[in-house]
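Coordinates in review
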Amino acid sequence: MSHAKKILFALICIAVFSVLLALSVLAVPPLPDMSGAKSVYLYNVEQKTVMAEKDATLPVYPTSTTKIMTGLVAIDALSGRLTEKVTVTENMLKGVSGNNIKLKAGEKVSIADMLYATLCGGANDAAAVLAFTVAGSIEDFTALMNKKAEELGALDTHYTNVSGLHDPAMLTTAYDTFLIAKAASENSLFVQITSESRYQMPETNMSDARNVYNKNFLISRYSETKYYNRYAGT
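Since the model is a prediction, treat every value here as computed from it, not as a measurement. (Residues numbered from 1 in each chain as written. Predicted model: local features only at pLDDT ≥ 70, side-chain atom pairs only at ≥ 80, totals over all residues. Heavy atoms only, no water.)

**Some points on the overall build of the protein**
Along the protein, the regular secondary structure elements total eight helices and six strands. Starting at the N terminus and walking to the C terminus, you meet the elements of the protein as α-β-β-α-β-α-β-α-α-α-α-α-β-β. For the protein, restricting intrachain contacts to residue pairs at least 6 apart in sequence, the fraction spanning at least 24 positions comes to 54%. For the protein, the accessible area works out to roughly 13700 Å², and carbon and sulfur atoms hold 57% of it. (Helix = DSSP H or I, 4+ residues; strand = E, 2+ residues; numbered from the N terminus. Contact = heavy atoms within 4.5 Å. Areas by Shrake-Rupley, 256 points an atom, 1.4 Å probe, with all protein chains shown as cover.)

**A look at the pairing of strand β2 (residues 49-54)**
Regular strands have side chains that alternate between both faces of the sheet. Of the strand pairs in this sheet, strand β1 (residues 40-44) and β2 are connected by five bridges, and their pairing is antiparallel. Paired with V40 across the strands is K54, a residue of β2. The hairpin formed by β1 and β2 contains four residues between the paired strands, and K48 there has a positive phi angle of roughly 55°. (Pairing = 2+ DSSP bridges.)

**Some points on helix α2 (residues 66-78)**
Look at α2: 18 Å from first C-alpha to last across 13 residues, which is about the 18 Å you get at 1.5 Å a residue. Burial runs high along α2: ten of the 13 residues are buried. (Expected span 1.5 Å × (residues − 1). Buried < 20%, exposed > 50% of the residue type's maximum accessible area, 1.4 Å probe, protein only.)

**Re the nonpolar core**
The biggest cluster of nonpolar side chains holds 44 residues, and the ones touching the most others in it are I101, L103 and M114. Contributing elements (two or more residues each) for this core: α2, α4 (111-119), α5 (124-135), α6 (138-151), α7 (174-185), α8 (188-194) and β5 (198-201). Leave out the neighbours within four places in its chain, and L103 touches V88, L93, V109, M114, D125, A126, V129, M201 and R210. A56, A174, F178 and L179 belong to the second largest nonpolar core, which has five residues in total. (Core = buried A, V, L, I, M, F, W, Y, C linked by side-chain atoms within 4.5 Å.)

**Points about the environment of G95**
Along the polypeptide, G95 turns up in the loop between α3 (90-93) and β4 (108-110). The spatial distance from the C-alpha of G95 to the C-alpha of D125 is 9.4 Å, given a sequence separation of 30 residues.

**Details of α7**
Counted at 1.5 Å a residue, the expected span for α7 with its twelve residues is 16 Å, and the 16 Å between its end C-alpha atoms agrees. Buried residues belonging to α7 abut β1, α2 and α8.

**Focus: the confidence of the model for the protein**
For the protein, the average pLDDT comes to 88, and 87% of its residues sit at 70 or higher. A low-confidence stretch, residues 3-23 stays under pLDDT 50, and its non-local contacts, those more than four residues away or across chains, total one contact. (pLDDT = per-residue confidence, 0-100.)

**Regarding the packing of α2 against α4**
The N-to-C vectors of α2 and α4 enclose an angle of 165°; their axes lie 10 Å apart at closest approach. When the axis of α2 is compared with that of α4, the two are roughly antiparallel. Seen along the crossing, α2 lies across α4 with a hand that is left-handed. When α2 is examined against α4, the residues K67, T70, G71, A74, I75 and L78 are found in contact with a partner set consisting of I111, L115, T118 and L119. Its residues assigned to classes, the contact of α2 with α4 comprises six nonpolar, three polar and one charged. (Axes fitted to C-alpha atoms, helices over the stretch in contact; angles between N-to-C directions. Parallel < 35°, antiparallel > 145°, perpendicular 65-115°, else oblique. Left-handed = near helix turned anticlockwise from the far one by under 90°. Nonpolar A, V, L, I, M, F, W, Y, C, P; charged D, E, K, R; others polar.)

As structure tokens, then:
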């Protein structure tokens, strides 16, 4: 190829790339109306770019996003013991309310089952079992959660329980939630568990097999269908 043809070819490539880039920019859908949102932090993990932000450091209640941190701390401590069986105690279940899988005192369950029930099904009783297995109490486990938050740079986050049930003293921010969720997205076991639309927990000494359905509407169609996206769990 002559020098002139090489230059022409390069110019054509640059022109085509410029058109494609322009089209890709034009193809980006407009951001949704955020006027009804109290706090927003929207981050594109592939492009490592903040797409939208609104009062991202405003204190808010973490609610069920608390279980992201519960799962991270539990995985840190228990990922090498997934098949190990633990016995549920009355102390573990004391004070548990809200969403649960009806664990019973004396029931023998695996650590893997408790991780799936917590992170896939949002079960508060399973979260409590993990907390006691790791630290011996909810209080000591939440201390580990707060330490992990600090390590991740989530300095405006404070946990007082493992489920996300309302407590005025338990606060986070949209930005901190991003930091914690980003850490979860980089944990292969966390991603594996939360990508399942349904997990069948095998029978135990006190219960038949249980079906645990994912609470993420992008992945599971068990209780809601309009948000399902077949690419979300891949």
